[in-house]
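Working through the structure, step by step
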Amino acid sequence: MAEGRVPPAPQAPAVLSRRARNFVAAHGLRVPRRDIRPHRNLWLEHGIPAAEIDRAVAFQERWGGIALPPAPAYEGGPRVLEAEVPESPAADGWRFPAGDCRVSMAYEFMIGPRGEFGIYADHWTPLHASTEGWVEALALAHHAGHWATTVTKIKGDAVEELDLDGFEPVAEVQGLTDTWWRGKDSLIAVYSGEAVGLDAPQCREAHVYGGLGKHGLEGV
């Protein structure tokens, strides 16, 4: 990149909420992405189904080369979203990497057999039903952190004691192992992926964003 040139802003997929599209455009960067299509014939020769190669290529064309701000959990998440060669464990179906970790971790970020965004540690653990859900969660954490008057972090067994009565799930994050909840004046993010994927209940974590008004709760 030429000296002084500003990296281009990535084009956010239209299926994201306005909040998430604004987050990607304002805080994301597009870095050079690898073209994985030339690997197709080699991957076919190694027994990778054409449909799985097509999934990885589609991910790379949509998300490849997008760098987003650090996630509040998972040691910041992937450095850059990037597809790699698909791989198939014995029973879980085909997956492919979603991008390298920011630091050395005991797991990989992966895209699952049905498009889930998750981690592979002791076993495959989907966090969100799609990459869009992961990005929506990043955007919501950034938004909530800006507007909240208090942010409380809870870990381990205390997460089980959270009272979610009166809260509703935040649909756009497409939560599976990780979930977001919206109450009358607060948002709660529950991060269970490491606890499940590493069989380590002490790794469960929740972030409670309090003192939110209407814009802080919705922001879309």
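Everything that follows concerns the structure shown earlier in this document.
Please read all numbers here as calculations on a predicted model, not as lab measurements.

Mapping Asp178 onto the fold places it in the loop between strand S8 (168-169) and strand S9 (179-182). Among buried Asp, Glu, Lys and Arg side chains, Asp178 stands out as unpaired, with Arg204 the closest opposite charge at 7.8 Å. Among the polar contacts listed, one links the side chain of Asp178 to the backbone nitrogen of Ser192, at a separation of 2.8 Å. Those residues in contact with Asp178 that sit more than four places away from it in its chain are Tyr74, Leu127, His128, Val190, Tyr191, Ser192 and Gly193.

Closest axis-to-axis distance for the helix H1 (residues 18-27)/helix H4 (residues 131-147) pair is 9 Å, and the angle between their directions is 80°. When the interaxial angle is binned, H1 and H4 end up roughly perpendicular. Contacts from Arg19, Ala20, Phe23, Val24 and His27 in H1 reach Val135, Glu136, Leu138, Ala139, Leu140, His142 and His143 in H4.

Counted under the stated rule, the structure contains 9 aromatic pairs. A ring pair is formed by Tyr74 and Tyr191, whose centres lie 6.4 Å apart and whose planes are at 80°; its orientation type is edge-to-face. On the criterion of sequence distance, the pair formed by Tyr74 in the loop between strand S2 (66-67) and strand S3 (96-99) and Tyr191 in strand S10 (residues 187-191) is long-range, its members being 117 residues apart. Grouping residues by exposure puts Tyr74 and Tyr191 together as buried. Relative to Phe109, the ring of Tyr107 lies with its centre 5.8 Å away and its plane at 85°, an arrangement referred to as edge-to-face. For Tyr107, a relative accessible area of 5% puts it in the buried group. We classify Phe109 as buried; its relative accessible area is 1%. Among the aromatic residues, ring-to-ring pairing joins Tyr74, Tyr107, Phe109, Phe117, Trp134 and Tyr191 into one connected group.

So, about the pattern of salt bridges. Within the structure shown, the criterion is met by 13 salt bridges. Among the salt bridges present, the one from Arg55 reaches Glu52, with a minimum N-O distance of 3.0 Å. Highlighted residues: Arg55 and Glu52, both in helix H3 (residues 50-63), separated by 3 residues, approximately one helical turn. Using a relative accessible area of 22% as the deciding quantity, one classes Arg55 as partly exposed. Close ionic contact of Glu116 with Arg114 constitutes a salt bridge, the shortest N to O distance being 3.3 Å. Owing to a relative accessible area of 7%, Glu116 belongs among the buried residues under this scheme. Looking at Arg114, the relative accessible area reads 66%, which means it is exposed.

Right, let's talk about the sheet that holds S10 for a bit. An order of S7-S11-S10-S9-S8 is seen for the 5 strands of this open sheet, with the pairing classed as antiparallel. At either margin of the open sheet sits one strand with a lone partner, and together these are strand S7 (150-155) and S8. Across 5 bridges, S10 lies against strand S11 (residues 205-210) in antiparallel orientation. What sits directly across from Leu187, in S11, is Tyr209.

Cut-offs and rules
- Residues numbered from 1 in each chain as written.
- Predicted model: local features only at pLDDT ≥ 70, side-chain atom pairs only at ≥ 80, totals over all residues.
- Heavy atoms only, no water.
- Helix = DSSP H or I, 4+ residues; strand = E, 2+ residues; numbered from the N terminus.
- Buried < 20%, exposed > 50% of the residue type's maximum accessible area, 1.4 Å probe, protein only.
- Lys, Arg positive; Asp, Glu negative; His and termini not counted.
- Salt bridge = Lys/Arg side-chain N within 4 Å of Asp/Glu carboxyl O.
- Polar contact = N/O pair within 3.5 Å; in protein donor to acceptor, adjacent residues only side chain to side chain.
- Contact = heavy atoms within 4.5 Å.
- Axes fitted to C-alpha atoms, helices over the stretch in contact; angles between N-to-C directions.
- Parallel < 35°, antiparallel > 145°, perpendicular 65-115°, else oblique.
- Phe/Tyr/Trp six-rings, centres within 6.5 Å; stacked < 30°, edge-to-face > 60°.
- Pairing = 2+ DSSP bridges.

In short, geometric facts, not functional conclusions.
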